[in-house]
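Structural features, examined
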Amino acid sequence: MSEQQFKVADRDTLFRDLKDFIKTHQSTGKKLALLLVKIHRFRRINMVFGYEGGDQVLNEFVIRMHRMARSKDYIARVGNSEFILVLPEIMNEGHAALAATKLQNTLEESFSINGNMHKVSASIGVCIFPDHAQDVAELINKAEIALVDARSNPRLFSIFSEKIEDTEVYSWDIEGELDKAVDNDELSLYFQPQVNLQTGKVFGAEALIRWRHPEKGFIRPDIFIPIAEQSGQIHKLTWWTLNTALRLIKEWPDSGEPLKVAVNVSAKVLKDMSFVDSVRAAQNIWSTPGGQLTLEITESALMEDLTTSFITLNELKTLGAGISIDDFGTGYSSMAYFKNIPANELKIDQSFVFYMLENAMDRHIVNTVIDLAHGFNLNVVAEGIENIETFNALKELGCNIAQGYYLAKPMPQNEFIQWLNNYQPE
Ligand code: C2E
Ligand code: CA
Ligand code: CA
């Protein structure tokens, strides 16, 4: 069966038809729900299986959507991996929630791509006329806000609410607030442990920034870091993170070998010529022993300007800092750059780790990355390990370092110290 056999409107047709829908609902006083559905990791599906594989997923997805939908429901494709499902004449919000749950349930079953079984997940943002929006543009905009909220958990959906709008970045001056955050002590660093898979010993921790806004609560870093990158505030934030991390590791209990701390560095910061001086200064301020600090740089940041990145990374190495290539496998990399890579560690992207037990292709990629890294004398970190089965599988594959909720979630300093004191290697 192909997509053509099912009716799937395009964006323009959807806009036109939605206008009509709204008109009739206005006159009858009935409700309508709009579900904005985004398939995750679609770029990667295209990358691994080719466009033909991507199309197979889209076709199958449309078939499943049609199966769960009522005959009066309406489906449109509005982006590369985005669909809109319109549910006319619903009684209440519960009806929309039920449809979203049903849609999520259709994804439980793996997709077959060229004969390989593959897990597909999607986020759904829901908006309801007339409760949340009065016209087409507002409906879609608010569904988008709900979708951002839903993306914090790939297996869930989210229905628009004032509260979501308030905490999402759309409605307030995040830049201005972020400036104040540094001065008002609203930022803190959490630590997520890393354990040596082969010896069971603690290896160190990744430092992850947290922002607790006095009124809006926790703001996720994947929301405010991109804004800080655009505004230039990322330089100030990185300076804060670096110094806070190097200050706090001095309080960690001494267990023989010094534990490493990994700090995330954005592409924008890596391009800044004075970054090496900042690292040197921070190491001097806190008398950090060489080798205790690791800098995590995403593969995509590295690829933005390979020549400059390599120069900077080589300088950082002379300061004794470790270099870890983060989110490895998502950067569309050519393997050629590997020959001279100034790094000591590869961090396999969590999206490969999450499904490696259910998905032969993901397991194969993890295995290949481990072999590749070892061939170049690099340590391999696997993050996103959520259960003992994945932990054991990675150990078996020869992976060096483990990080993930199975060991511990990121914790504030005092809890991390407690965790270190209680930790027993298996
Ligand atoms: P990342 O560097 O890839 O960090 C890993 C993220 O995965 C963290 O989310 C961590 O809490 C989460 N994680 C770890 N283990 C698991 C697991 O087993 N399951 C699941 N579902 N998630 C797991 P977090 O702390 O929300 O950070 C998100 C991103 O924000 C980071 O991704 C990083 O790109 C950025 N970020 C965080 N702190 C900083 C910082 O200080 N500076 C910069 N430039 N970026 C930062
Ligand atoms: Ca990281
Ligand atoms: Ca990562």
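Each remark here, short or long, concerns the structure printed above.
Here's a quick rundown of the structure. Position numbers for residues count from 1 along each chain, tracking the sequence in the order it is written. Think of it this way: whatever chain is written first is A, whatever ligand is written first is 1, and the rest follow in order. Confidence filtering applies because this is a predicted model: local features only for residues at pLDDT of at least 70, side-chain atom pairs given and counted only at 80 or more, and all residues used for totals across whole chains, interfaces and linings. Heavy atoms throughout the structure, all of them, feed into the side-chain values; hydrogens and water do not.

Some points on the site of ligand 1
Being near a molecule or strand, for a residue, means having at least one of its heavy atoms within 4 Å of it. Taken together, 21 residues are adjacent to ligand 1, and Gln192, Arg210, Gln350, Glu386 and Tyr405 come closest. Side-chain atoms alone can form a polar contact between residues adjacent in sequence; in general such a contact is a pair of N or O atoms within 3.5 Å, and within protein one must be able to donate a hydrogen while the other accepts it. At 3.0 Å from a nitrogen atom of ligand 1 is found a side-chain nitrogen or oxygen belonging to Gln192. In the environment of ligand 1, an oxygen atom lies 3.2 Å from a nitrogen or oxygen atom belonging to the side chain of Glu206. When the free accessible area of ligand 1 is taken as 810 Å², the share hidden by the protein chains comes to 83%. Contributing elements (two or more residues each) for the shell around ligand 1: β9 (202–213), α7 (221–231), β13 (322–328) and α13 (350–354). At four residues, the largest contribution of residues to the shell around ligand 1 is made by β9. Using the Shrake-Rupley algorithm and a 1.4 Å probe, accessible areas are obtained, with residue cover drawn only from the displayed protein chains. Where helices and strands are cited, they refer to DSSP runs of H or I of at least four residues and of E of at least two residues respectively, numbered from the N terminus.

Quick look at unusual backbone geometry
It is generally the case that most residues other than glycine have a negative phi and that most peptide bonds are trans. Residue Pro130 is reached from Phe129 by a cis peptide bond, and omega for that bond is 0°. Summarising the element assignment, Pro130 is placed in the loop between β6 (122–129) and α4 (136–150). With a phi angle near 50°, Glu89 is a residue other than glycine that sits in the positive phi range. Tracing the chain through its elements places Glu89 in strand β3 (residues 82–90). Partly exposed residues are those whose accessible area sits between 20% and 50% of the maximum for their type, while under 20% is buried and over 50% is exposed, using a 1.4 Å probe and protein chains only. Judged by its relative accessible area of 38%, Glu89 is partly exposed. For Asn377, which is not glycine, the phi dihedral falls at a positive 65°. Following the sequence through the fold, Asn377 ends up in the loop between α14 (360–375) and β15 (379–383).

Here we look at the coordination of the calcium ion (ligand 3)
Only nitrogen, oxygen and sulfur atoms count as donors, using a 2.8 Å cut-off from the metal that widens to 3.2 Å for Na, K and Ca. Water is left out, so coordination shells may look unfilled. Listed as protein donors to the calcium ion (ligand 3) are Asp326 (OD), Asp327 (OD) and Glu383 (OE); their distances from the metal cover 2.0 to 2.4 Å. When the donor residues of the calcium ion (ligand 3) are listed from N- to C-terminus, their spacing reads D-D-x55-E. The distance between the calcium ion (ligand 3) and the calcium ion (ligand 2) is 4.1 Å, with Asp326 acting as a donor to both metals. What makes Asp326 buried here is its relative accessible area of 6%.

Topic: the sheet that holds β6
Each strand in a sheet pairs with another by means of backbone hydrogen bonds, the pair being arranged parallel or else antiparallel. If you walk across this open sheet you meet the five strands as β2-β3-β1-β6-β7, and the pairing is mixed. Sheet topology places β2 (74–77) and β7 (157–159) at the edges, where each strand pairs with a single neighbour. Taken pair by pair, the neighbouring strands of this sheet meet at an average axis angle of 20°, ignoring direction. A strand pair is defined by DSSP finding two or more bridges across the two strands. Looking at chain direction, β2 and β3 are connected through four bridges and run antiparallel. Note on β3: the bridge partner recorded for Arg77 is Phe83. The contact criterion used is simple: two residues touch if any of their non-hydrogen atoms lie within 4.5 Å. Lines fitted to the C-alpha atoms define the axes, with helices restricted to the stretch that makes contact. Angles between their N-to-C directions range from 0 to 180 degrees. Most of the contacts of helix α1 (residues 11–28) go to β3, to which it runs at about 15°, and overall it touches β1 (31–39), β2, β3 and β6. With respect to the sheet, helix α2 (residues 42–68) is in contact with β1, β2 and β3, its orientation differing from that of β3 by roughly 10°.

Remarks on the packing of helix α6 (residues 174–183) against α7
With their axes 10 Å apart at the nearest point, α6 and α7 run at an angle of 95° to one another. Between α6 and α7, the angle falls in the class roughly perpendicular. Along its contact with α6, which presents Ile174, Glu175 and Leu178, the element α7 presents Ile223, Phe224, Ile227, Ala228 and Ser231. Gly is placed with the polar residues, together with every amino acid not listed as nonpolar (Ala, Val, Leu, Ile, Met, Phe, Trp, Tyr, Cys and Pro) or charged (Asp, Glu, Lys and Arg). Residues that form the contact of α6 with α7 fall into these classes: six nonpolar, one polar and one charged. Here roughly perpendicular refers to angles of 65 to 115 degrees, roughly parallel to angles under 35, roughly antiparallel to angles over 145, and oblique to all remaining angles.

Overview of the coordination of the calcium ion (ligand 2)
Around the calcium ion (ligand 2), the protein contributes the donor atoms Glu206 (OE), Asn264 (OD1), Glu296 (OE) and Asp326 (OD), which lie 2.2 to 2.3 Å from the metal centre. Each donor residue of the calcium ion (ligand 2) lies on one chain, and together they are spaced E-x57-N-x31-E-x29-D.

Points about helix α8 (residues 234–248)
Multiply 1.5 Å by the residue count of a helix minus one, and that product is the helix's expected span. The end-to-end C-alpha separation of α8 is 20 Å, in line with the 21 Å expected for 15 residues at 1.5 Å each. The buried count for α8 comes to 11 of 15 residues, which makes it a mostly enclosed element. The complete set of buried residues in α8 reads Ile234, Leu237, Thr238, Trp240, Thr241, Leu242, Asn243, Thr244, Ala245, Leu246 and Leu248.

Overview of helix α3 (residues 93–105)
Its 13 residues give α3 an end-to-end C-alpha distance of 18 Å, which sits within 8% of 18 Å, the value for a rise of 1.5 Å per residue. Buried residues in α3 make contact with β1, α2, β3, β6 and β7.

Topic: the side chain of Asn359
You can see Asn359 is positioned in the loop between α13 and α14. Its relative accessible area of 1% is what places Asn359 among the buried residues. Asn359 has contacts with Met117, His118 and Lys119, leaving out every residue within four places of it along the chain.

A look at the packing of α8 against helix α10 (residues 275–285)
Across the interface, α8 lies against α10 with an axial gap of 9 Å and an inter-helix angle of 25°. Judged by the inter-axis angle, α8 sits roughly parallel to α10. Both α8 and α10 take part in a crossing whose hand is right-handed. Here Thr238, Trp239, Leu242, Asn243 and Leu246 of α8 come into contact with α10, specifically with Phe275, Ser278, Val279, Ala281, Ala282, Gln283 and Ile285. Class assignment for the residues of the contact of α8 with α10 results in eight nonpolar, four polar and no charged. By convention, the crossing between two helices is left-handed when the near helix turns anticlockwise from the far helix through less than a right angle, and right-handed when the turn is clockwise.

A word on the pairing of β9
Most of β9 is tucked away, with 11 of its 12 residues classed as buried. Direction of pairing for strand β8 (residues 187–196) relative to β9: antiparallel, over a ladder of nine bridges. Paired with Tyr190 across the bridge in β9 is Leu208. Strand direction decides the pairing type here: β9 and strand β11 (residues 260–265), joined by four bridges, are parallel. Counted as the bridge partner of Glu206 is Ala262 from β11. The turn linking β9 back onto strand β10 (residues 217–219) is made up of three residues.

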